[in-house]
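# Architecture at a glance
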Amino acid sequence: MGKNGKKEKKVKGAEKTAAKMEKKVSKRSKRGEEDLEALIAEFQSLDAKKTQVVEMPCPPPSPRLNASLSAHPDKEELILFGGEFFNGKKTYLYNDLFFYNIKKNNWVKCDIPNPPPPRCAHQAVVVPQGGGQLWVFGGEFASPDGNTFYHYKDLWVLHLATNTWENIKVPGAPSGRSGHRMVLSKRQLLLFGGFHESARDFVYYNDVYCFSLDSFSWSRLLPSGSGPLPRSACQMTSTPDASGVIIYGGYSKLKTKKDLEKGTIHSDMFLLKREGKDDQEKWSWSRLSPSGSKPPPRSGFSLAVGPGGRALLFGGVCDEEEDETLEGDFCNDLYLYDIGKNRWFPAQLRSTKTDTKKSRRGKKSVAGGQEQEEGESTAAATEGPIEVVKEIVTEDGTVMTIKEVIQGVRTEEEKEEDDVDEDIEGSASASLIEPCPRSSTMATVRQGKLFLYGGMFEVGDRQFTLNDFYCLDLHKMDQWDILVHMDPNTQEWLEESDSEGDDKEEEEEAKKDDDESEVESVDNEKEEEHPSVNGGESVTDYQTRTMEYWVALARANMGPDIKDKKVTKVGIAMAKVFYEDQ
C-alpha cells in the first residue's frame, strides 16, 4: 500500500506541475502564436482560391519527416499528408496530399479546396465508414527559423469517396498539441498525450480524450488507476478485441536548471481498458510487464499494426544526454509486440544473419585506416560479438559511420551455413538492402506489407532528411524492397554561417517566386488585390487605413466562431506581414 500510495502521489504531482506549466506556456506563447496565426491565415487565403479538385501524376513526395502515412480502407493505396523539412537554415511545413497506388507503383498529388493548414507531428486515422475517411487532429506549425511554434487543436476529416476536406468544429476538444497519439477503437477515436512548446517553455500531457464517430462529440476520459507519466511520441495500439489500447515508451523533458533541459526516454508499458456497456463505460489503467526481447529504450521510433494485431516498432534514436551535449545511435531494427501473449520479439529477415545497424550522431567520426566501399561486407564466426564499421564520406568531407554488430556464440551448424552464404554472390548484396538507420519515419501496413517512407538521421551537426521508400512482406520476411531510392549525399545543406550574400540571393529568389505567383494568379483569375502601400506610409498608418479589409479577411479565414478580439489581432498581424513584404 505504501509503494502504491507514493506512485499515486507522484502521478498527481506530475499532473499539477503539468497544469501549472500549461498556464505559463499559454501566456508566453500568445504573442508568438499571433504572428504565426497571420502566416497560417495567409496560407488558408491562398488555399481558399482553389475551387476544384486537381489530381496529377507526380514523382515521389519531397524529403520529409513527421508526416502521416495511412492505408486506404478500401483501395490498394497509401495516403501521405503534411510533414516538415529543414535545410539547415529554414523550416518548411507542408499540407500537400499524396496517394500511392501499390499495384501500379505510382504517386498522384491531389489538390483539394480548403485543406487543413500546413503541419507536422499530427495524427491521422483511417476509418471505413462513409466510403472511407481520414481523420486528422492537431500537429504543429513553425516559423521559418524554427524558433516559434503554433500548436493546432483542430479536427479535420477527408472524405475519400468525394475528395473533400471538412473542418469539424465541436466544443470540448483537447488543447493544442503535437506528438500525441490517436487510434480507432470501436466507433471512437482515442487520443493520448503529446506536448505544447513555446519559445521559452513546454508542457507534456498524459490526458486521454475520446471523439465519438456517432455523435461527433469530444469527451475527456478519467481512468482509474495509475497511468503513464506525461509524454509524447509513444506507441499506441488498439487491442484486437477493441477492449482497450496499449501505450508503450515515449519521450518527455524537464527543466533541471534555468536554461538547462533534461530529456527522458520512457520504456514502460500500460493498458488502458474499457469496461461496461457503451452508455456506462468505465476506463482503467494498469501497468504491463511484457516478456521476450524488449527493444532498447529509444525515441523517434515509428509504429504500425501488422497481421494478427501485432504492434510493429521500427528504428528511432537512442540518445545519451550529458549537460548540454546530445549523442546517440540511430537504429534500423524492427520489433514486434504480440498483444495476446504480452511478448516482445525482434523481427529478423530469413535471408540474413546480420543484427541491427546503428549510426552515431552527436560527434563527427574521424576517418582512420583503409576506406571500405559501400557494397563491401565483413563477416566472422567467433565466440564474441564483432563490430563492423563502414564509413561513407559526404561531399563536404563529413564522415558518416555505420556500425553493424554481428553476434557471436553460434553453433557449428550456423557457422557452416554462413560459410556457404559467403560463397553465394547474391547473399552479401541482399543483406545490404535495408533502410539505413533513422528516426521519425512514416510507417503503415497494408495487406500484410510494411511500408516505410522518409525520416531523418544526423551526422555531426548536419541533418539528412529522406524520401526513400521501402516495403517488407511481413508474411515472407525475406527481404526489403526498394520502391524509391535516394542518395542522402545529394541533398543540399545550408550552414548557419553562410555569407549574407546567400541570404540576399535567397530573398531575391523568394521575391522573384512571389512576383511570378502574383502574375500567374492575375492571369488565371480576376481576384481582389490586397490594399497597396502608399509611398512614405508607415506600418501603423497602413494598418489603420486598411484595418477593415484585413480584419474581414482574417474573419473569412478563421471562421465565425473565433472572438472578435483575436480576429482583429490576426488581421493587424496580416497587415504588418503584407506591409513588410512590400
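Residues numbered from 1 in each chain as written. Predicted model: local features only at pLDDT ≥ 70, side-chain atom pairs only at ≥ 80, totals over all residues. Heavy atoms only, no water.

### A few points about unusual backbone geometry
Generally, phi is negative for residues other than glycine and the peptide bonds are trans, each holding for most cases. Located in the positive-phi region is Asn163, a residue other than glycine, with phi close to 55°. At Asn342, a position not held by glycine, the phi torsion is positive, near 50°.

### Regarding helix α6 (residues 564-581)
When the terminal C-alpha atoms of α6 are compared, their 26 Å separation across 18 residues agrees well with the 26 Å that a helix rising 1.5 Å per residue should span. Within the span of α6, buried status applies to Val567, Val570, Gly571, Ala573, Met574, Ala575 and Phe578. (Helix = DSSP H or I, 4+ residues; strand = E, 2+ residues; numbered from the N terminus. Expected span 1.5 Å × (residues − 1). Buried < 20%, exposed > 50% of the residue type's maximum accessible area, 1.4 Å probe, protein only.)

### Digging into the side chain of Asn87
Within the secondary structure, Asn87 sits in the loop between β3 (77-86) and β4 (91-101). Separated by 2.8 Å, the side chain of Asn87 and the backbone nitrogen of Lys90 make a polar contact. Contact partners of Asn87, with chain neighbours within four places excluded, come to Tyr92, Glu492, Trp493 and Leu494. (Polar contact = N/O pair within 3.5 Å; in protein donor to acceptor, adjacent residues only side chain to side chain. Contact = heavy atoms within 4.5 Å.)

### Side note on the nonpolar core
With 16 residues, the main nonpolar core has Leu312, Leu334, Leu450, Leu452, Leu472, Leu474 and Trp480 as its most contacted residues. Of all the secondary-structure elements, those providing two or more residues to this core are β22 (311-322), β23 (325-338), β28 (442-446), β29 (449-459) and β30 (462-473). In this structure, Leu69, Ala71, Phe98 and Cys471 belong to the second largest nonpolar core, which totals 15 residues. (Core = buried A, V, L, I, M, F, W, Y, C linked by side-chain atoms within 4.5 Å.)

### Points about the pattern of salt bridges
Scanning the entire structure with this criterion turns up 17 salt bridges. Taking the shortest distance from any N to any O, the salt bridge between Asp268 and Arg231 comes out at 2.7 Å. Placement of the pair is Asp268 in strand β18 (residues 260-275) and Arg231 in the loop between β15 (217-221) and β16 (235-238), with a sequence separation of 37 residues. When the shortest N-O distance is used, the salt bridge between Asp338 and Arg310 registers 3.5 Å. With Asp338 in strand β23 and Arg310 in the loop between β21 (302-305) and β22, the pair connects residues that are 28 residues apart, well separated along the chain. The network of salt bridges with common partners includes Glu197, Lys253 and Glu261. (Salt bridge = Lys/Arg side-chain N within 4 Å of Asp/Glu carboxyl O.)

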